[in-house]
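Each chain, written out:
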Amino acid sequence: MSSETEAVKGNNPASSGTATGGENLAPDGSVVKTADKHFGAAAFQAKYALRDAAAGTITGTMAIPLSIGIAMMSDYPIKVGLATVVFASFVGWFMAWFRPGNYIGSAGIAAGLAPALALGVASFGMENMAFCIFLTAAMQAVCWHFNWQKYLLVAVPVYLVEGLLAGIGLKIFLKFFEFTYEIPEPAVTEEFWNTARITMCAISAAGMGVFVVLFAKFKDIQPAIPYFVLIIGGILVSLFVPVPMIVVEDVDLYLRLPVPSADVTIMMMVLMILFCAMLATIDVIEQVMSNAAIEKIDPLKRKCNSNNSLLAIWIANMGSSFFGGMTNLDGLAKSTTNRLAGAYTKFSLVFIGSVVCFFLFNSEYLEYLPKFALAAIMMFSGYKMIAGLVHVTHYGPYAMMLAIATGLLVFELGIFEGLVIALVAHAIIHYMVYTKHDNMPGRDVIKRYFENLKRDSGNLQ
(Lines give C-alpha, C1' and ligand atoms only; values in the text may rest on other atoms or scores of the structure.)
Protein backbone atom coordinates (compact mmCIF):
# COMPACT_ATOMS: atom_id res chain seq x y z
CA MET A 1 0.00 0.00 0.00
CA SER A 2 1.30 3.42 -0.83
CA SER A 3 1.25 5.94 1.96
CA GLU A 4 1.39 9.62 2.40
CA THR A 5 2.85 11.39 5.39
CA GLU A 6 1.03 14.25 6.98
CA ALA A 7 2.93 16.36 9.49
CA VAL A 8 0.25 16.40 12.10
CA LYS A 9 1.17 17.57 15.54
CA GLY A 10 -0.67 15.36 18.00
CA ASN A 11 -1.26 16.18 21.62
CA ASN A 12 0.21 12.89 22.75
CA PRO A 13 1.91 11.19 19.86
CA ALA A 14 3.91 8.84 21.98
CA SER A 15 0.96 7.40 23.85
CA SER A 16 0.30 4.68 21.30
CA GLY A 17 1.87 3.07 18.28
CA THR A 18 -1.32 3.52 16.33
CA ALA A 19 -3.36 6.66 15.85
CA THR A 20 -7.06 6.75 15.18
CA GLY A 21 -8.72 6.98 11.80
CA GLY A 22 -6.49 4.53 9.94
CA GLU A 23 -3.24 6.34 10.75
CA ASN A 24 0.04 5.05 12.15
CA LEU A 25 2.64 7.00 14.09
CA ALA A 26 6.07 7.41 12.55
CA PRO A 27 9.16 7.33 14.81
CA ASP A 28 9.35 11.12 14.75
CA GLY A 29 5.83 11.44 16.08
CA SER A 30 4.23 12.51 12.80
CA VAL A 31 1.15 10.71 11.62
CA VAL A 32 1.45 8.35 8.70
CA LYS A 33 -1.95 8.17 7.08
CA THR A 34 -2.68 4.99 5.22
CA ALA A 35 -4.00 5.58 1.72
CA ASP A 36 -6.65 2.87 1.83
CA LYS A 37 -8.20 4.03 -1.44
CA HIS A 38 -5.15 2.94 -3.40
CA PHE A 39 -6.16 0.35 -6.00
CA GLY A 40 -5.87 -3.17 -4.66
CA ALA A 41 -4.63 -2.10 -1.21
CA ALA A 42 -7.30 -4.20 0.51
CA ALA A 43 -6.64 -7.23 -1.69
CA PHE A 44 -2.86 -7.48 -1.76
CA GLN A 45 0.23 -5.74 -0.46
CA ALA A 46 3.61 -7.33 -1.12
CA LYS A 47 5.01 -6.37 2.28
CA TYR A 48 2.22 -8.30 4.03
CA ALA A 49 2.06 -11.27 1.64
CA LEU A 50 3.83 -13.79 3.89
CA ARG A 51 1.83 -12.70 6.93
CA ASP A 52 -1.42 -13.04 4.99
CA ALA A 53 -0.40 -16.47 3.67
CA ALA A 54 0.33 -17.80 7.16
CA ALA A 55 -2.81 -16.25 8.62
CA GLY A 56 -4.98 -17.64 5.84
CA THR A 57 -3.58 -21.14 6.29
CA ILE A 58 -4.28 -21.06 10.04
CA THR A 59 -7.74 -19.55 9.65
CA GLY A 60 -8.64 -21.98 6.87
CA THR A 61 -7.76 -24.94 9.08
CA MET A 62 -9.81 -23.50 11.92
CA ALA A 63 -12.72 -22.83 9.52
CA ILE A 64 -13.06 -26.52 8.61
CA PRO A 65 -14.80 -27.78 11.78
CA LEU A 66 -16.89 -24.60 12.07
CA SER A 67 -18.10 -24.95 8.49
CA ILE A 68 -18.86 -28.64 9.00
CA GLY A 69 -20.91 -27.88 12.10
CA ILE A 70 -22.85 -25.06 10.45
CA ALA A 71 -23.59 -27.21 7.39
CA MET A 72 -24.88 -30.01 9.62
CA MET A 73 -27.00 -27.56 11.62
CA SER A 74 -28.43 -26.26 8.33
CA ASP A 75 -29.29 -29.79 7.13
CA TYR A 76 -27.02 -29.20 4.13
CA PRO A 77 -24.41 -31.68 2.86
CA ILE A 78 -21.00 -30.93 4.35
CA LYS A 79 -19.37 -30.73 0.93
CA VAL A 80 -21.87 -28.09 -0.18
CA GLY A 81 -21.03 -26.01 2.90
CA LEU A 82 -17.30 -26.27 2.20
CA ALA A 83 -17.83 -25.39 -1.46
CA THR A 84 -19.71 -22.26 -0.38
CA VAL A 85 -16.80 -21.21 1.83
CA VAL A 86 -14.34 -21.70 -1.03
CA PHE A 87 -16.45 -19.73 -3.49
CA ALA A 88 -17.23 -16.91 -1.03
CA SER A 89 -13.55 -16.62 -0.10
CA PHE A 90 -12.41 -16.11 -3.68
CA VAL A 91 -15.28 -13.74 -4.44
CA GLY A 92 -14.39 -11.74 -1.33
CA TRP A 93 -10.77 -11.49 -2.40
CA PHE A 94 -11.68 -10.53 -5.97
CA MET A 95 -14.10 -7.78 -4.87
CA ALA A 96 -11.48 -6.39 -2.46
CA TRP A 97 -9.52 -5.18 -5.48
CA PHE A 98 -12.32 -2.84 -6.48
CA ARG A 99 -14.87 -2.37 -3.68
CA PRO A 100 -13.37 -3.37 -0.30
CA GLY A 101 -15.87 -3.68 2.51
CA ASN A 102 -13.42 -4.62 5.24
CA TYR A 103 -9.74 -5.57 5.17
CA ILE A 104 -9.36 -8.69 7.29
CA GLY A 105 -12.81 -10.28 7.28
CA SER A 106 -12.98 -14.02 6.56
CA ALA A 107 -15.86 -15.12 4.35
CA GLY A 108 -17.85 -18.24 5.20
CA ILE A 109 -21.26 -19.74 5.80
CA ALA A 110 -23.39 -17.96 8.39
CA ALA A 111 -24.00 -19.72 11.72
CA GLY A 112 -26.82 -17.31 12.52
CA LEU A 113 -28.77 -18.53 9.51
CA ALA A 114 -28.24 -22.26 10.10
CA PRO A 115 -31.63 -22.95 11.75
CA ALA A 116 -33.34 -20.79 9.13
CA LEU A 117 -31.78 -22.79 6.30
CA ALA A 118 -32.79 -26.01 8.04
CA LEU A 119 -36.35 -24.63 8.20
CA GLY A 120 -36.19 -23.87 4.49
CA VAL A 121 -35.01 -27.40 3.69
CA ALA A 122 -37.84 -28.87 5.78
CA SER A 123 -40.48 -26.52 4.36
CA PHE A 124 -39.57 -26.29 0.68
CA GLY A 125 -37.27 -29.23 0.09
CA MET A 126 -33.60 -29.22 -0.86
CA GLU A 127 -34.59 -29.06 -4.54
CA ASN A 128 -35.95 -25.53 -4.01
CA MET A 129 -33.20 -24.14 -1.77
CA ALA A 130 -31.01 -23.07 -4.70
CA PHE A 131 -33.86 -20.87 -5.90
CA CYS A 132 -34.30 -19.51 -2.36
CA ILE A 133 -30.62 -18.56 -2.15
CA PHE A 134 -30.82 -16.95 -5.60
CA LEU A 135 -33.89 -14.94 -4.55
CA THR A 136 -32.18 -13.96 -1.30
CA ALA A 137 -29.18 -12.70 -3.28
CA ALA A 138 -31.47 -10.74 -5.61
CA MET A 139 -33.08 -9.02 -2.62
CA GLN A 140 -29.66 -8.23 -1.21
CA ALA A 141 -28.64 -6.81 -4.58
CA VAL A 142 -31.57 -4.39 -4.42
CA CYS A 143 -30.62 -3.53 -0.83
CA TRP A 144 -27.05 -2.90 -1.98
CA HIS A 145 -28.10 -0.78 -4.97
CA PHE A 146 -30.17 1.58 -2.82
CA ASN A 147 -27.80 1.35 0.17
CA TRP A 148 -30.67 0.26 2.41
CA GLN A 149 -28.32 -1.51 4.82
CA LYS A 150 -27.87 1.78 6.68
CA TYR A 151 -31.53 1.71 7.70
CA LEU A 152 -31.69 -1.87 8.94
CA LEU A 153 -30.08 -1.42 12.35
CA VAL A 154 -32.44 1.49 12.94
CA ALA A 155 -35.58 -0.32 11.79
CA VAL A 156 -34.53 -3.48 13.65
CA PRO A 157 -32.98 -2.52 17.02
CA VAL A 158 -29.58 -3.99 17.85
CA TYR A 159 -30.85 -5.48 21.10
CA LEU A 160 -33.58 -7.34 19.21
CA VAL A 161 -30.93 -8.78 16.88
CA GLU A 162 -28.89 -9.89 19.90
CA GLY A 163 -31.96 -11.68 21.23
CA LEU A 164 -32.49 -13.32 17.85
CA LEU A 165 -28.89 -14.57 17.81
CA ALA A 166 -29.22 -15.81 21.39
CA GLY A 167 -32.22 -17.92 20.41
CA ILE A 168 -30.26 -19.35 17.48
CA GLY A 169 -27.26 -19.95 19.76
CA LEU A 170 -29.46 -21.97 22.13
CA LYS A 171 -30.65 -24.10 19.21
CA ILE A 172 -27.05 -24.73 18.14
CA PHE A 173 -25.94 -25.55 21.69
CA LEU A 174 -28.69 -28.12 22.27
CA LYS A 175 -28.34 -29.61 18.78
CA PHE A 176 -24.69 -30.46 19.27
CA PHE A 177 -25.04 -31.36 22.93
CA GLU A 178 -26.42 -34.68 21.70
CA PHE A 179 -22.99 -35.49 20.26
CA THR A 180 -21.40 -35.36 23.71
CA TYR A 181 -23.07 -38.61 24.79
CA GLU A 182 -23.50 -40.33 21.42
CA ILE A 183 -21.70 -43.69 21.21
CA PRO A 184 -20.92 -46.03 18.29
CA GLU A 185 -23.83 -48.28 17.33
CA PRO A 186 -22.10 -51.53 18.42
CA ALA A 187 -21.76 -50.08 21.95
CA VAL A 188 -25.50 -49.36 22.32
CA THR A 189 -27.24 -51.60 24.89
CA GLU A 190 -30.64 -51.72 26.56
CA GLU A 191 -29.10 -49.84 29.47
CA PHE A 192 -28.74 -46.19 28.43
CA TRP A 193 -26.01 -45.24 30.91
CA ASN A 194 -23.65 -48.05 30.13
CA THR A 195 -19.87 -47.93 30.47
CA ALA A 196 -19.35 -46.74 26.90
CA ARG A 197 -21.73 -43.78 27.30
CA ILE A 198 -20.28 -42.72 30.64
CA THR A 199 -16.79 -42.87 29.10
CA MET A 200 -18.01 -40.81 26.14
CA CYS A 201 -19.47 -38.14 28.46
CA ALA A 202 -16.18 -37.97 30.40
CA ILE A 203 -14.19 -37.56 27.17
CA SER A 204 -16.56 -34.85 25.92
CA ALA A 205 -16.40 -32.98 29.22
CA ALA A 206 -12.61 -33.13 29.22
CA GLY A 207 -12.45 -31.93 25.62
CA MET A 208 -14.79 -29.04 26.32
CA GLY A 209 -12.86 -28.10 29.45
CA VAL A 210 -9.51 -28.07 27.64
CA PHE A 211 -11.01 -26.04 24.78
CA VAL A 212 -12.51 -23.40 27.09
CA VAL A 213 -9.33 -23.05 29.15
CA LEU A 214 -7.15 -22.71 26.05
CA PHE A 215 -9.55 -20.26 24.44
CA ALA A 216 -9.55 -18.06 27.55
CA LYS A 217 -5.75 -18.10 27.55
CA PHE A 218 -5.10 -17.58 23.84
CA LYS A 219 -8.17 -15.68 22.59
CA ASP A 220 -6.24 -12.41 22.46
CA ILE A 221 -3.05 -13.98 21.14
CA GLN A 222 -3.86 -16.87 18.82
CA PRO A 223 -7.46 -18.14 19.06
CA ALA A 224 -6.79 -20.94 16.57
CA ILE A 225 -4.72 -22.87 19.15
CA PRO A 226 -7.69 -24.35 21.07
CA TYR A 227 -9.19 -25.56 17.77
CA PHE A 228 -5.95 -27.26 16.73
CA VAL A 229 -5.47 -28.86 20.16
CA LEU A 230 -9.05 -30.12 20.33
CA ILE A 231 -9.02 -31.59 16.82
CA ILE A 232 -5.60 -33.22 17.14
CA GLY A 233 -6.41 -34.44 20.64
CA GLY A 234 -9.74 -35.83 19.46
CA ILE A 235 -8.06 -37.73 16.65
CA LEU A 236 -5.54 -39.22 19.09
CA VAL A 237 -8.31 -40.26 21.49
CA SER A 238 -10.18 -41.96 18.64
CA LEU A 239 -7.15 -44.20 18.05
CA PHE A 240 -7.58 -45.78 21.48
CA VAL A 241 -11.29 -45.37 22.31
CA PRO A 242 -14.17 -46.10 19.89
CA VAL A 243 -15.99 -42.78 19.38
CA PRO A 244 -18.49 -41.65 16.72
CA MET A 245 -16.85 -39.91 13.77
CA ILE A 246 -18.12 -37.37 11.25
CA VAL A 247 -19.64 -38.92 8.14
CA VAL A 248 -19.29 -36.88 4.96
CA GLU A 249 -22.01 -37.52 2.42
CA ASP A 250 -20.55 -37.96 -1.05
CA VAL A 251 -22.59 -35.54 -3.14
CA ASP A 252 -21.84 -34.39 -6.65
CA LEU A 253 -21.22 -30.68 -7.10
CA TYR A 254 -22.38 -29.49 -10.48
CA LEU A 255 -23.79 -26.34 -12.04
CA ARG A 256 -27.52 -26.00 -12.62
CA LEU A 257 -30.02 -23.21 -12.94
CA PRO A 258 -31.49 -22.13 -9.56
CA VAL A 259 -35.14 -22.46 -10.55
CA PRO A 260 -38.07 -23.65 -8.43
CA SER A 261 -39.35 -27.18 -8.93
CA ALA A 262 -42.46 -27.83 -11.00
CA ASP A 263 -44.66 -28.65 -8.00
CA VAL A 264 -44.27 -25.22 -6.32
CA THR A 265 -47.72 -23.70 -5.73
CA ILE A 266 -48.60 -20.02 -5.56
CA MET A 267 -48.95 -20.18 -1.79
CA MET A 268 -45.57 -21.90 -1.47
CA MET A 269 -44.02 -19.22 -3.67
CA VAL A 270 -45.41 -16.50 -1.41
CA LEU A 271 -43.97 -18.29 1.62
CA MET A 272 -40.63 -18.67 -0.13
CA ILE A 273 -40.51 -14.94 -0.91
CA LEU A 274 -41.19 -14.09 2.74
CA PHE A 275 -38.61 -16.66 3.83
CA CYS A 276 -35.99 -15.17 1.50
CA ALA A 277 -36.76 -11.66 2.74
CA MET A 278 -36.02 -12.89 6.26
CA LEU A 279 -32.79 -14.58 5.13
CA ALA A 280 -31.65 -11.45 3.29
CA THR A 281 -32.43 -9.17 6.23
CA ILE A 282 -30.69 -11.29 8.87
CA ASP A 283 -27.67 -11.88 6.62
CA VAL A 284 -27.25 -8.13 6.01
CA ILE A 285 -27.71 -7.24 9.69
CA GLU A 286 -25.15 -9.82 10.77
CA GLN A 287 -22.66 -8.45 8.23
CA VAL A 288 -23.19 -4.86 9.40
CA MET A 289 -22.65 -5.93 13.01
CA SER A 290 -19.60 -8.01 12.05
CA ASN A 291 -18.10 -5.05 10.19
CA ALA A 292 -18.50 -2.87 13.28
CA ALA A 293 -16.47 -5.41 15.25
CA ILE A 294 -13.94 -6.07 12.45
CA GLU A 295 -13.26 -2.34 12.21
CA LYS A 296 -12.27 -2.31 15.88
CA ILE A 297 -9.78 -5.18 15.55
CA ASP A 298 -8.26 -4.04 12.25
CA PRO A 299 -4.49 -3.69 12.86
CA LEU A 300 -4.40 -0.43 10.86
CA LYS A 301 -7.80 0.83 12.11
CA ARG A 302 -9.17 1.11 8.59
CA LYS A 303 -12.82 2.01 8.14
CA CYS A 304 -15.27 -0.60 6.88
CA ASN A 305 -17.81 0.02 4.15
CA SER A 306 -20.77 -2.24 4.88
CA ASN A 307 -22.43 -1.59 1.55
CA ASN A 308 -19.31 -2.82 -0.25
CA SER A 309 -19.38 -5.91 1.95
CA LEU A 310 -22.98 -6.42 0.94
CA LEU A 311 -21.90 -6.30 -2.71
CA ALA A 312 -19.50 -9.21 -2.16
CA ILE A 313 -22.15 -11.10 -0.17
CA TRP A 314 -24.90 -10.98 -2.76
CA ILE A 315 -22.52 -11.83 -5.60
CA ALA A 316 -21.24 -14.85 -3.66
CA ASN A 317 -24.79 -15.88 -2.68
CA MET A 318 -26.03 -15.59 -6.25
CA GLY A 319 -23.05 -17.49 -7.60
CA SER A 320 -23.34 -20.26 -4.99
CA SER A 321 -27.02 -20.76 -5.85
CA PHE A 322 -25.86 -22.21 -9.19
CA PHE A 323 -24.26 -25.18 -7.41
CA GLY A 324 -26.78 -25.42 -4.57
CA GLY A 325 -24.69 -23.46 -2.06
CA MET A 326 -25.55 -21.66 1.16
CA THR A 327 -25.63 -18.06 2.41
CA ASN A 328 -22.37 -16.39 3.41
CA LEU A 329 -20.93 -13.43 5.31
CA ASP A 330 -17.69 -12.35 6.99
CA GLY A 331 -18.00 -14.21 10.29
CA LEU A 332 -16.55 -12.59 13.37
CA ALA A 333 -15.00 -15.76 14.83
CA LYS A 334 -12.98 -16.53 11.69
CA SER A 335 -12.21 -12.85 11.09
CA THR A 336 -10.82 -12.50 14.62
CA THR A 337 -8.64 -15.57 14.09
CA ASN A 338 -7.51 -14.16 10.76
CA ARG A 339 -6.51 -10.89 12.39
CA LEU A 340 -4.68 -12.44 15.35
CA ALA A 341 -2.93 -14.89 13.03
CA GLY A 342 -1.33 -11.88 11.34
CA ALA A 343 -3.54 -10.94 8.38
CA TYR A 344 -3.38 -7.39 7.02
CA THR A 345 -5.26 -7.73 3.74
CA LYS A 346 -7.85 -9.90 2.02
CA PHE A 347 -5.02 -11.83 0.35
CA SER A 348 -5.39 -14.23 3.29
CA LEU A 349 -8.73 -15.31 1.77
CA VAL A 350 -6.84 -16.98 -1.08
CA PHE A 351 -5.21 -19.32 1.42
CA ILE A 352 -8.37 -19.81 3.47
CA GLY A 353 -10.19 -20.84 0.30
CA SER A 354 -7.30 -23.05 -0.79
CA VAL A 355 -7.14 -24.95 2.53
CA VAL A 356 -10.89 -25.52 2.55
CA CYS A 357 -10.77 -26.49 -1.12
CA PHE A 358 -8.20 -29.19 -0.35
CA PHE A 359 -10.53 -30.85 2.15
CA LEU A 360 -13.49 -30.35 -0.17
CA PHE A 361 -11.83 -32.55 -2.80
CA ASN A 362 -10.23 -34.84 -0.22
CA SER A 363 -13.21 -35.19 2.08
CA GLU A 364 -12.13 -38.63 3.29
CA TYR A 365 -9.76 -36.88 5.69
CA LEU A 366 -12.70 -35.14 7.37
CA GLU A 367 -13.97 -38.47 8.64
CA TYR A 368 -11.09 -38.54 11.12
CA LEU A 369 -12.84 -35.76 13.04
CA PRO A 370 -14.64 -37.11 16.14
CA LYS A 371 -18.15 -35.85 16.78
CA PHE A 372 -17.38 -34.91 20.38
CA ALA A 373 -14.66 -32.51 19.19
CA LEU A 374 -17.07 -30.90 16.74
CA ALA A 375 -19.67 -30.70 19.52
CA ALA A 376 -17.29 -28.76 21.77
CA ILE A 377 -16.57 -26.23 19.02
CA MET A 378 -20.21 -25.71 18.05
CA MET A 379 -21.51 -25.64 21.63
CA PHE A 380 -18.97 -22.97 22.43
CA SER A 381 -20.09 -21.00 19.36
CA GLY A 382 -23.69 -21.30 20.54
CA TYR A 383 -22.70 -20.14 24.02
CA LYS A 384 -20.95 -17.09 22.58
CA MET A 385 -24.11 -16.16 20.71
CA ILE A 386 -26.15 -16.46 23.91
CA ALA A 387 -23.55 -14.48 25.86
CA GLY A 388 -24.09 -11.60 23.42
CA LEU A 389 -27.11 -10.70 25.55
CA VAL A 390 -24.65 -9.09 27.96
CA HIS A 391 -24.22 -6.27 25.42
CA VAL A 392 -27.92 -5.49 25.73
CA THR A 393 -27.51 -4.34 29.34
CA HIS A 394 -26.23 -1.02 28.00
CA TYR A 395 -29.65 -0.31 26.51
CA GLY A 396 -31.60 -0.70 29.76
CA PRO A 397 -34.11 -3.14 31.27
CA TYR A 398 -36.72 -2.78 28.49
CA ALA A 399 -34.19 -3.76 25.86
CA MET A 400 -33.00 -6.73 27.92
CA MET A 401 -36.56 -7.98 28.47
CA LEU A 402 -37.36 -7.67 24.75
CA ALA A 403 -34.09 -9.38 23.78
CA ILE A 404 -34.73 -12.33 26.10
CA ALA A 405 -38.33 -12.60 24.89
CA THR A 406 -37.11 -12.54 21.28
CA GLY A 407 -34.59 -15.28 21.99
CA LEU A 408 -37.24 -17.51 23.58
CA LEU A 409 -39.68 -16.86 20.74
CA VAL A 410 -37.04 -17.70 18.15
CA PHE A 411 -36.12 -20.87 20.02
CA GLU A 412 -39.71 -22.05 20.43
CA LEU A 413 -41.38 -20.84 17.23
CA GLY A 414 -38.60 -20.30 14.71
CA ILE A 415 -36.63 -17.34 13.41
CA PHE A 416 -39.31 -15.84 11.16
CA GLU A 417 -42.20 -16.18 13.59
CA GLY A 418 -40.14 -15.07 16.58
CA LEU A 419 -38.72 -12.04 14.77
CA VAL A 420 -42.13 -10.89 13.49
CA ILE A 421 -43.80 -11.25 16.89
CA ALA A 422 -40.97 -9.36 18.60
CA LEU A 423 -41.10 -6.53 16.03
CA VAL A 424 -44.88 -6.23 16.34
CA ALA A 425 -44.66 -6.21 20.14
CA HIS A 426 -41.92 -3.57 20.00
CA ALA A 427 -44.05 -1.38 17.70
CA ILE A 428 -47.18 -1.74 19.83
CA ILE A 429 -45.34 -0.88 23.05
CA HIS A 430 -43.82 2.26 21.52
CA TYR A 431 -47.14 3.28 20.00
CA MET A 432 -48.92 2.92 23.34
CA VAL A 433 -46.20 4.80 25.22
CA TYR A 434 -46.29 7.77 22.84
CA THR A 435 -50.08 7.90 22.54
CA LYS A 436 -51.04 7.16 26.15
CA HIS A 437 -48.15 8.62 28.12
CA ASP A 438 -47.04 11.47 25.83
CA ASN A 439 -50.56 12.03 24.44
CA MET A 440 -49.29 12.13 20.86
CA PRO A 441 -51.77 11.49 18.02
CA GLY A 442 -51.23 8.15 16.30
CA ARG A 443 -50.41 9.83 12.99
CA ASP A 444 -47.70 11.90 14.66
CA VAL A 445 -46.21 8.79 16.25
CA ILE A 446 -45.83 7.13 12.85
CA LYS A 447 -44.47 10.34 11.32
CA ARG A 448 -41.98 10.72 14.17
CA TYR A 449 -40.80 7.14 13.69
CA PHE A 450 -39.93 7.67 10.04
CA GLU A 451 -38.32 11.03 10.76
CA ASN A 452 -36.11 9.40 13.41
CA LEU A 453 -35.36 6.57 10.99
CA LYS A 454 -34.17 9.01 8.35
CA ARG A 455 -32.19 11.13 10.82
CA ASP A 456 -30.51 8.25 12.66
CA SER A 457 -29.59 6.43 9.48
CA GLY A 458 -27.48 9.39 8.43
CA ASN A 459 -25.18 8.70 11.36
CA LEU A 460 -24.55 5.08 10.35
CA GLN A 461 -21.54 4.04 8.27
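Our structure's up above, just so we're on the same page.
Quick notes on the rules
Residues numbered from 1 in each chain as written. Predicted model: local features only at pLDDT ≥ 70, side-chain atom pairs only at ≥ 80, totals over all residues. Heavy atoms only, no water. Helix = DSSP H or I, 4+ residues; strand = E, 2+ residues; numbered from the N terminus. Buried < 20%, exposed > 50% of the residue type's maximum accessible area, 1.4 Å probe, protein only. Contact = heavy atoms within 4.5 Å. Areas by Shrake-Rupley, 256 points an atom, 1.4 Å probe, with all protein chains shown as cover. Patch = residues over 30% accessible without salt bridge, like charges linked within 9 Å, V, L, I, M, F, W, Y side chains within 5 Å. Salt bridge = Lys/Arg side-chain N within 4 Å of Asp/Glu carboxyl O. Phe/Tyr/Trp six-rings, centres within 6.5 Å; stacked < 30°, edge-to-face > 60°. Axes fitted to C-alpha atoms, helices over the stretch in contact; angles between N-to-C directions. Parallel < 35°, antiparallel > 145°, perpendicular 65-115°, else oblique. Left-handed = near helix turned anticlockwise from the far one by under 90°. Nonpolar A, V, L, I, M, F, W, Y, C, P; charged D, E, K, R; others polar. Expected span 1.5 Å × (residues − 1). Core = buried A, V, L, I, M, F, W, Y, C linked by side-chain atoms within 4.5 Å. Disulfide = S-S within 2.5 Å.

Caption draft 1: Here's a closer look at the overall build of the protein chain. On a plain count of helices and strands, the protein chain comes out with 16 helices and six strands. When each of the 461 residues of the protein chain is scored for burial, the buried share is 51%. The contacts in the protein chain between residues at least 6 apart in sequence include a share of 82% that link residues at least 24 apart. As displayed, the protein chain has an accessible area near 21600 Å², and 66% of this comes from carbon and sulfur atoms.

Caption draft 2: How the structure looks around a nonpolar patch on the surface. A contiguous nonpolar surface patch, about 1100 Å² in accessible area, is contributed by I266, M267, V270, L271, L274, F416, V420, V424, I428, Y431, M432 and I446. At the level of elements, α9 (266-297) and α15 (415-437) are the ones that each hand at least two residues to the nonpolar patch. By residue number, the principal contributor to the nonpolar patch is α15, which donates six residues. Examined against the element boundaries, M432 turns out to sit in helix α15.

Caption draft 3: Spotlight on the packing of aromatic side chains. The tally for this structure, following the rule as stated, stands at 24 aromatic pairs. Taking the centre distance of 6.2 Å and the plane angle of 80 degrees together, the rings of F134 and F322 count as edge-to-face. On the criterion of sequence distance, the pair formed by F134 in helix α4 (residues 129-145) and F322 in the loop between α10 (306-320) and β6 (328-331) is long-range, its members being 188 residues apart. Note on W144 and W314: the rings are 6.0 Å apart at their centroids and 50 degrees apart in plane angle, and the pair reads as tilted.

Caption draft 4: Region of the structure containing unusual backbone geometry. Positive phi, close to 60 degrees, is recorded for D75, a residue that is not glycine. Looking at the element boundaries, D75 is found in the loop between α1 (49-73) and α2 (78-96). You will see that N147, though not glycine, has its phi angle at about 55 degrees, which is positive. Structurally, N147 is set in the loop between α4 and α5 (149-155). A relative accessible area of 24% means that N147 is categorised as partly exposed.

Caption draft 5: The arrangement of the packing of helix α7 (residues 195-218) against helix α13 (residues 371-387) in detail. Put simply, α7 and α13 touch, their axes get as near as 9 Å, and they point 50 degrees apart. By the angle between their directions, the pair α7 and α13 is classed as oblique. Of the two elements, α7 crosses α13, and the hand of that crossing is right-handed. Contact residues: α7 offers M200, I203, S204, M208, F211, V212 and F215, while α13 offers F372, A376, I377, M379, F380 and K384. Per-class residue counts for the contact of α7 with α13 are eleven nonpolar, one polar and one charged.

Caption draft 6: Quick peek at the pattern of salt bridges. What the rule picks out here adds up to five salt bridges. Between E182 and K371 there is a salt bridge, with the nearest N and O atoms lying 3.1 Å from each other. Of this pair, E182 sits in the loop between α6 (158-177) and α7 while K371 sits in helix α13; the two residues are 189 residues apart in sequence, bridging distant segments of the chain. Residue class for K371 comes out buried when judged on its relative accessible area of 16%. Taking the shortest distance from any N to any O, the salt bridge between K303 and E295 comes out at 3.6 Å.

Caption draft 7: Broad picture of α2. Its 19 residues place the ends of α2 27 Å apart at the C-alpha level, agreeing with the 27 Å of an ideal helix rising 1.5 Å per residue. For α2, a buried count of 15 out of 19 residues is recorded, marking the element as mostly surrounded by other parts of the structure.

Caption draft 8: Just the nonpolar core, in detail. By size, the foremost hydrophobic cluster in this structure holds 99 residues, and its most contacted members are I68, Y76, I168, F176, F275, L374 and I415. Leaving out residues up to four positions away in the same chain, F275 has contacts with A116, G120, F124, M129 and C132. If you look at the next biggest cluster of nonpolar residues, it comprises five residues, including I183, M200, V243 and F372.

Caption draft 9: Looking closely at the state of the cysteines. Using the criterion set out here, one finds zero disulfides in the structure. C276 forms no disulfide, and the closest cysteine sulfur to it belongs to C132, at a distance of 4.2 Å.

Caption draft 10: Here's a closer look at the environment of I133. Relative to the helices and strands, I133 resides in helix α4. Residue I133 is classed as buried on the basis of its relative accessible area of 0%. Between the C-alpha atom of I133 and that of N317, which follows or precedes it by 184 residues, the distance is 6.4 Å. Leave out the neighbours within four places in its chain, and I133 touches Y76, L117, N317, S320, S321, G325, M326 and T327.

Caption draft 11: The arrangement of the packing of α1 against helix α8 (residues 224-238) in detail. For the pair α1 and α8, interaxial distance at closest approach is 10 Å and the crossing angle is 60 degrees. Put simply, α1 runs oblique to α8. The chirality of how α1 crosses α8 is left-handed. For the pair α1 and α8, the contacting residues are I58, T61, M62, P65 and L66 in the first and A224, Y227, F228 and I231 in the second. Partitioning the contact of α1 with α8 into residue classes produces eight nonpolar, one polar and no charged.

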